[in-house]
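# Working through the structure, step by step
For reference, the chains in residue letters:
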Amino acid sequence: MTFWQLILHLFNFLLPALAMAALMPWAGRWVMGSGKTPVRRRMAIHAMAGVSVLVLGLVLQGHDGKMSTYLVLMLVAATVEWTLHRGWTRK
């Protein structure tokens, strides 16, 4: 594997988590209103959580791209956004 192929492989591995990190704060803002946490900080938190989920899925399942990993990624992203908006205090 060349260096360029390694870079492309890593980028494609991280792309779902980074796309969710870019989109979830705006989706949360649309659904739940503006929160107290700035958008860039929420994006960084989503990126860290998403990459952690993908790496954990790779370690536990032996290879990437399993649908169960992507399901957990969606659930973690929604839970993180709900937590950052303090969803438990809403009525």
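Remember, predicted model here, so these are calculated numbers, not experimental data.

Quick notes on the rules
- Residues numbered from 1 in each chain as written.
- Predicted model: local features only at pLDDT ≥ 70, side-chain atom pairs only at ≥ 80, totals over all residues.
- Heavy atoms only, no water.
- Helix = DSSP H or I, 4+ residues; strand = E, 2+ residues; numbered from the N terminus.
- Core = buried A, V, L, I, M, F, W, Y, C linked by side-chain atoms within 4.5 Å.
- Buried < 20%, exposed > 50% of the residue type's maximum accessible area, 1.4 Å probe, protein only.
- Contact = heavy atoms within 4.5 Å.
- Patch = residues over 30% accessible without salt bridge, like charges linked within 9 Å, V, L, I, M, F, W, Y side chains within 5 Å.
- Areas by Shrake-Rupley, 256 points an atom, 1.4 Å probe, with all protein chains shown as cover.
- Salt bridge = Lys/Arg side-chain N within 4 Å of Asp/Glu carboxyl O.

## Remarks on the environment of T79
Relative to the elements of secondary structure, T79 occurs in helix α3 (residues 67–84). Residues T79 and A17, spaced 62 residues apart in sequence, show a C-alpha to C-alpha distance of 14 Å.

## Description of the nonpolar core
If you look at the biggest cluster of nonpolar residues, it comprises eight residues: F13, A17, M20, M24, V53, L54, L73 and A77. Contributions of two or more residues to this core are made by α1 (3–32), α2 (39–61) and α3. Broken down by element, the residue count for this core peaks at four residues, all from α1. For F13, the contacting residues outside a window of four places in its chain are L54, V55, L58 and D64.

## Notes on a nonpolar patch on the surface
On the surface, M1, F3, W4, L6, I7, L8 and L10 cluster together into a nonpolar patch covering about 780 Å² of accessible area. One can find F3 in helix α1.

## Concerning the side chain of R42
Looking at the element boundaries, R42 is found in helix α2. For R42, the contacting residues outside a window of four places in its chain are P25, R29, G35, T37, E81, L84 and H85.

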